[in-house]
Amino acid sequence: MLARSSTSLAATARPWLGLARPAARLLQIDVHSQRSPSRKGSEGRSNSHTKAVGTTRSPRQDLPPPPQRQTWRDRMPKVARETMLQARAAADAKKAASAASAAAKREAERSDIKKLANYKANRFSDAYLLAEHVKRRIRQNRIDEALLDIRASPRANAEAPVWNLVLLHLARQGMYRKSMDLFNEMKKRGARPDERTWAHLFESLANSASPPAKKATDARALLTRIAPEAATTSDSGFIQRGKSLLNPVVFNGYLKALARSGQVDLLVESITANQHENAFDQATFTIALNTVARTRTPNFEANAAAVVDHTLAYIHGAAKPAFDAELLCALCAVAQKSADAQLAALPLHLVQRTNEALSGRSMFPADAELPEPRAKWNLCQRYAHQGVFPIPSRVANWLLMAASRVDKDRYADAVKLRTDAKNAASGLVVNLHHGDVTATPAADAPSAETTSSTSTTSPAAALHTEHLFSWLQSRNADLDALAHEVLFASMAQCGRSEALLAAYFAAHHPTAAAALKFDGTVSVVTLGKNAADPTRAAFASLLFAARDAIDALQPAARRNLGTEERRARESPVATLLEHYASVVQDDVVGDTTRTETRALISLGRALTSPGGPPRPRAATARVLEILLAQLGVRPGSVDGSFGGEPDREAVAAMAKHLARSAREDGDEKRAAEWSSVATQVRGRRE
């Protein structure tokens, strides 16, 4: 009775308790209703609201896993993602390397500071001994120790040459700010700057990495600080006046700083203002001329004329008018860039007058006189040479370029006619200023069929370049490959193709030269029996010359070589091409340049053009086969690289010509191969 009443009271107090359930079922726990053990304070506990076994829920097996959130990197393509990761890895590696380098630099600085802290400076009482010690420290790259030794020697550091050693080292490295700090320190310690000190400061400014405008401003500010030394009292008590520190060495350093900053107008103004004429020498005008030649500005012609006039005035104002090799080369450089024909011939006038004073004869004959110089130049009849004779290769090259420029102006109409008639079809212009041939696209090029290859504008007399080349040979000048390139280019452009080929065959193929004689062709150039092989740029000029003289080469070969077989075997054009092929094969570069490709195509166009006298079929076929082989075109293989549509048509016309020649010889297989080559070339697109 008591147990039943307690049970009823419990049921009344907790009606949710299932008293009718067996005790065994009360101990069963729904595993899916347990709290997550990851929550704080819930590990090992079960939900207080347990359920019976019959109402336990099992996990859903048919639902897919929840989708994961995608980022912009996951949506990137695989290749782009890999590229991004590689770029990030490279950036991280670069950052790590930079950090390691900075750490190593800091560690080295700490080590140097420790060494300097423990360094015991040497004291010197003699300036000469201190200077020698500083030289050794600079050679060992121990600049800080050298400065400590200078500062520890108050009796010896009052001389400027001791400080100039360190200033020169800083100037070569372009440390302008450190140089100025050291300059101020040396003045505070009682050392008086000399001209070398100022020259080193200007050199440091020129080699520094300052912006051009700031470099010019600093140069002008530094120049204003240079003034005559104040009156000083000597040891004997007399008042003596110091000399001006603005000498040619200092002023040339100032001009170099202006040249590095690109202030050409300011540089020319500094020379033409006549405020520092006592600080001029030949190096001054050499710097000015080279700066004007290298920097092309809208005022180029005016600047060039002003500097040249002052240069000649300085030369003539000297007690003994003279010029050195560097000044002559600078004059040639300005003359090449100028449009004035009189200025272009000025270097040749100077050398000719020097030669007349030495040998008593002229460099050029009466029929090849140079353009008259300007009256205000007042050229002397005698100049002293300073390092010009014997003539080095650099001077010889510049003189030949000046002579080629004079020839270009002399035969301007002929050159223009030849350029329009010959080179427009292939888009070629011979550049005499650099001794090579430059390919330039032609706007409205006439077709190859309407272009005649007959040279109608060839000058009867030899060129200035030819006479100068022969004179240089007589003076035992050092004529290198560039000199031959300039000579070949000048003769090829100015209509002396037959003379150029005659000189080439006489030097390199004497047997062919003996049988090959042009009518009325006289060459004053002798290349020599043991002359080196022409360069590839020189061969380009020879190929153009062969193109222009093709109608003279074929009759000469027909007249002197006899039978058709001998003409095919000893064809002069084939000999030239075989020599060119051997040079190309031995060259490290190996590949045919664009200029050479244009020259070969223009020669092939001249061979296959319908105009002109009849050409021997066998010799022409052999020449075309060698020519196409150099262009990378062979039966079954078309590997060459051509230009536009006219070039492909010209190469296809050569292949068609070979097919026609093979068909006439009865070789149908060979004809079919060349016809297939022509089809492949026409179908190619670069």
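Structure: above.
Residues numbered from 1 in each chain as written. Predicted model: local features only at pLDDT ≥ 70, side-chain atom pairs only at ≥ 80, totals over all residues. Heavy atoms only, no water.

This part takes up the pattern of salt bridges. Applying the stated criterion across every chain yields a total of 16 salt bridges. Between arginine 177 and aspartate 218 there is a salt bridge, and its shortest N-O distance comes to 3.6 Å. One end of the pair, arginine 177, is in helix H7 (residues 176-188); the other, aspartate 218, is in helix H9 (residues 212-224), and 41 residues separate them in sequence. Of the residues examined, arginine 177 reaches a relative accessible area of 48% and is grouped as partly exposed. Exposure remark for aspartate 218: the relative accessible area of 14% places this residue in the buried category. The partner of aspartate 548 in a salt bridge is arginine 547, and the shortest N-O contact between them spans 3.0 Å. Here the two residues aspartate 548 and arginine 547 agree in accessibility, since each one is buried. One network of salt bridges, in which partners are shared, links Arg137, Arg142 and Glu145. (Salt bridge = Lys/Arg side-chain N within 4 Å of Asp/Glu carboxyl O. Helix = DSSP H or I, 4+ residues; strand = E, 2+ residues; numbered from the N terminus. Buried < 20%, exposed > 50% of the residue type's maximum accessible area, 1.4 Å probe, protein only.)

Turning next to the packing of helix H11 (residues 264-272) against helix H12 (residues 282-294). At their nearest, the axes of H11 and H12 sit 10 Å apart, and the two run at 150° to each other. Between H11 and H12, the angle falls in the class roughly antiparallel. When the axes of H11 and H12 are compared, the crossing they make is left-handed. Contacts from Val264, Leu267, Val268 and Ile271 of H11 reach H12 at Thr284, Phe285, Ala288, Thr291 and Val292. Of the residues assigned to the contact of H11 with H12, the class counts are seven nonpolar, two polar and no charged. (Axes fitted to C-alpha atoms, helices over the stretch in contact; angles between N-to-C directions. Parallel < 35°, antiparallel > 145°, perpendicular 65-115°, else oblique. Left-handed = near helix turned anticlockwise from the far one by under 90°. Contact = heavy atoms within 4.5 Å. Nonpolar A, V, L, I, M, F, W, Y, C, P; charged D, E, K, R; others polar.)

Along the chain, arginine 405 falls in helix H16 (residues 393-410). Each C-alpha atom of the pair arginine 405 and alanine 344 lies 6.8 Å from the other, and the pair is 61 residues apart in sequence. Reaching out from arginine 405, the side chain makes a polar contact with the backbone oxygen of alanine 335 at a distance of 3.1 Å. A polar atom in the side chain of arginine 405 sits 2.6 Å from the backbone oxygen of serine 338. (Polar contact = N/O pair within 3.5 Å; in protein donor to acceptor, adjacent residues only side chain to side chain.)

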